[in-house]
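Chain and residue survey
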Amino acid sequence: MTTPNTTPVNKPAPVTPVLTKRWLSPTSWSIKTYEQLEGYTALRKALAGTPEQLVELVKASGLRGRGGAGFPAGIKWSFMPPNEDKPHYLVINADEGEPGTCKDIPLMMADPHSLIEGCVIASYAMRSHHCFIYVRGEALHCIRRLNAAVREAHAAGYLGANILDSGFDLEITVHAGAGAYICGEETALLDSLEGRRGQPRLKPPFPAAAGLYAAPTTVNNVETIASVPFIVNGGSDWFRTMGTEKSPGPKIYSISGHVTNPGQFEAPLGTTLRELLELAGGMKDGVPLKFWTPGGSSTPMFTAEHLDVPLDFEGAAAAGSMLGTTAVMVFNETVSVPWAVMKWTQFYEHESCGKCTPCREGTYWLTGILERMVEGKGTESDIDTLLDICDNILGRSFCALGDGAVSPITSGIKYFRDEFLALCEQNRPALAGAHS
Amino acid sequence: MSSTGSTYGGSSVGAGRTHQSTVGDTDVLGVSPVEAEHLVTDVAEDLSVFDALTVERAQAIIARYPQARSALLPMLHLVQSVEGRVSQAGIQFCALQLDLTAAEVSAVATFYTMYKRKTCGEHLVSVCTNTLCAVLGGDEIYQQLGEHLGQDGKRLGHNETAGEPGAPGSITLEHAECLAACDLGPVIQVNYEFYDNQTPGSAVALVDSLRAGGKPAPTRGAPLRDFRTAELELAGFWPEDEAGYRSTVDGPSAAVETLRGARLAEERGWTAPSMPNPPLPEVEKK
């Protein structure tokens, strides 16, 4: 457990709607509603400043990437070269597909203009004149809403040539993916956007040096970029009134599974599961909590011991997991851990892109062993084999998919080894003389 | 084979064979799915199914990107909107438009789950069976739909179609990975529109309605059309009449779960700290 973060003098409310504050408005996705609720005011303010000022602002705000890794957004932006020898590109990662994660899709449906406004500001800050929003293909309604928002923004002069008489030009292309989880990995996404199989690239070079079409590129998550207009309007100190020192700001926590009231709750970073469960009306039908993920299936699972872990980047890591996407999946006592782990592993096997051997072969073997164990045909040594394979995938795969694939298994065995053992009970070799 | 010979660059690295045969060669073509699935053929397919409008659309997709090849994914959605699948002709069409080889297009088409190699039904029904939805009933829903849509005691499997593919009322069933609607699970998509909080009973009623020609309204999404129209939209082509277009864009999205936090904050008077609007930070000129 970590030491609790110092509580700010004026502790913010348990729910702090910033990104979600317009969602209750009728037709919140239309430009009319958006403009009535301060929409595109941040863009005017940003265009009156310089790109350097915006990068400095985002750095000072401490905004960290909301796609799972938590890399500081301002630092990432500052990696873009100052010259424009080659075109610069901003690419939005809207390929939401991590099991449990369901925050970007509701955001893009409810408030697409906040993403569009964020894209214009971020593009201006990084001297990009073409921005791509790579949306998961299955999220058709989001693609529709984003396209409508782009059209409206064009008509209103927020996109296109000479935006608001600033001399800055930007086009946004909304691009539909085609069903591959791996494309959420930023370099695989770039390959996919170039019309290829979505397979990750070796880094370095990082996208800021050679990204889309080998030109300087920044890839940012939807929620990260949608936060930018608020930071421009509110300032970095305001942003830091929420969250913790190293993980500032509000964050959309998606609570799903065995809770009374699942849904999207935007709360300051560092909120605990105990607090989130209170917001979600507690465990469904009072059946006790067994295990949960702090941020999707790739983040090692937690148990009821971890109810008070502050869910920020540091807190989740100190307790042995990762914050990930704050996709909080809650499972009660009725759920078998080996079964849940098997289901997740089947997912990783299906989504492994096949580029590197540890992940491609490893997820295949892990799935086979787990399926056999769940069928009741496993043996105790299978547990060691699983851990051994995990050891050969973790840190040895080409990208983070492999690392994510082993998380449910290693954490599941760590906390619930007895359940795996129980599956093997009937297959123990009989002791000599036991049946004589 | 001679026992010695020139090797790289004509130099002779030692003498004798540098490898030993162990087993007989595998008949690669024999075990490859390429032949069976007609992924690449030397036959020039009849492309007439892709009419002038489709060509025009393909060119419009290319125009969206700085480099033509980026148009490939949307273009594969476009050919699916025409044929209900990516056929060999569809692959050759994309290759022709983008100046790629059929093998290059085929490599991409076979990588992504959403490109179907068998013709889809009028509707594509995708059931999320990832862990969380499965626990909440997704596995049972998928099981029941398979049995319900099956024939002669044989359940309908993954990516199989009930009815004549493409004919009115035909349904392709698939189990899907996480559809990013976990707070609304178990979820089903029909032609990628969301049907949230399903039960086995509601799912069976849903497919029955689809088979009878119904277009039940999604919980979140546009009024239901068919799989091919959805694919046309994924390629970036929307209803041309303004009213039709607005009705799709304005299809519902505000689920109770989506708004739960915002609603709770409103009820309890919780807000984020007020925004002061300070000037942008000063930066030293370089």
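Owing to the predicted nature of the structure, the values given are computational and were not obtained by experimental measurement.

1. A word on the domain arrangement of chain A
Residues and elements named next belong to chain A. Its domain assignment divides chain A into domain 1 (31–239), domain 2 (250–331) and domain 3 (337–426). Using C-alpha coordinates to define each centre, domain 2 is positioned 23 Å away from domain 3. Contacts between the two partners involve eight residues from domain 2 and, on the opposite side, 10 residues from domain 3.

2. Digging into the environment of Tyr195 of chain B
All names here are of chain B. As for its position among the elements, Tyr195 is in strand 5 (residues 193–195). Residues Tyr195 and Val125, spaced 70 residues apart in sequence, show a C-alpha to C-alpha distance of 10 Å. If sequence neighbours within four positions are ignored, Tyr195 has contacts with Val187, Ile188, Gln189, Val190, Leu206, Pro218 and Thr219.

3. Side note on the sheet that holds strand 3 (residues 171–176) of chain B
Residues and elements named next belong to chain B. The sheet built from five strands is open, its strands ordered 2-3-1-4-5 with mixed pairing. Edge positions in the sheet fall to strand 2 (160–162) and strand 5, since each of these pairs with one other strand and no more. The sheet shows a mean angle of 30° between the axes of neighbouring strands, taken without regard to direction. Taken together, the three bridges between strand 4 (residues 188–190) and strand 5 define a ladder with antiparallel strand orientation. Across the sheet, Val190 pairs through a bridge with Glu193, a residue of strand 5. Helix-sheet contacts for helix 7 (residues 131–149) involve strand 1 (123–128), strand 2 and strand 3, and the interaxial angle to strand 1 is about 145°.

4. Some details on the nonpolar core
Core analysis: the biggest nonpolar cluster contains 205 residues, and Val91, Ile92, Cys119, Ile121, Val135 and Trp292 of chain A together with Leu76 of chain B have the highest contact counts within it. Among all residues touching Trp292 of chain A, those that are not within four sequence positions of it are Leu273, Met301, Phe302, Val328, Met329, Val330 and Phe331 of chain A.

5. Remarks on the packing of helix 3 (residues 51–61) of chain A against helix 9 (residues 222–239) of chain A
The packing of two helices is summarised by the inter-axis angle and the distance between the axes. Residue and element names in this part refer to chain A. Contact geometry of helix 3 with helix 9 gives a least axis separation of 9 Å together with a crossing angle of 55°. Between helix 3 and helix 9, the angle is such that the two are oblique. Crossing geometry of helix 3 relative to helix 9 is assigned as left-handed. Where helix 3 approaches helix 9, its residues Leu57, Val58, Ala60 and Ser61 are matched on the opposing element by Val228, Ile231, Val232, Ser236 and Phe239. Its residues assigned to classes, the contact of helix 3 with helix 9 shows seven nonpolar, two polar and no charged.

6. Here's the deal with the interface of chain A and chain B
Tallying the contact residues gives 85 residues for chain A and 69 residues for chain B. A per-element tally of the side of chain A that touches chain B places helix 7 (residues 140–155) of chain A first, with seven residues. Split into classes, the residues belonging to the side of chain A that touches chain B amount to 41 nonpolar, 31 polar and 13 charged.

7. Let's talk about helix 8 (residues 186–193) of chain A
The buried count for helix 8 of chain A comes to seven of eight residues, which makes it a mostly enclosed element. When we look at burial in helix 8 of chain A, the residues that qualify are Glu186, Thr187, Ala188, Leu189, Leu190, Ser192 and Leu193 of chain A. In this fold, the buried residues of helix 8 of chain A make contact with strand 1 (89–94), strand 2 (130–135), strand 3 (171–176) and strand 4 (217–221) of chain A together with helix 4 (72–83) of chain B. Where helix 8 of chain A terminates, the next one or two residues include Gly195 of chain A, which has phi positive at roughly 85°.

8. Quick word on the environment of Gly315 of chain A
The residue Gly315 of chain A is located in helix 11 (residues 313–318) in this model. In this structure the C-alpha to C-alpha distance between Gly315 of chain A and Gly270 of chain A, which are 45 residues apart in sequence, comes to 7.3 Å.

What counts as what
Residues numbered from 1 in each chain as written. Chains lettered and ligands numbered in written order. Predicted model: local features only at pLDDT ≥ 70, side-chain atom pairs only at ≥ 80, totals over all residues. Domains from an automatic or database assignment. Contact = placed C-beta atoms within 7 Å. Helix = DSSP H or I, 4+ residues; strand = E, 2+ residues; numbered from the N terminus. Pairing = 2+ DSSP bridges. Axes fitted to C-alpha atoms, helices over the stretch in contact; angles between N-to-C directions. Core = buried A, V, L, I, M, F, W, Y, C linked by C-beta atoms within 7 Å. Buried ≥ 20, exposed ≤ 12 C-beta atoms within 10 Å, placed from the backbone. Parallel < 35°, antiparallel > 145°, perpendicular 65-115°, else oblique. Left-handed = near helix turned anticlockwise from the far one by under 90°. Nonpolar A, V, L, I, M, F, W, Y, C, P; charged D, E, K, R; others polar.

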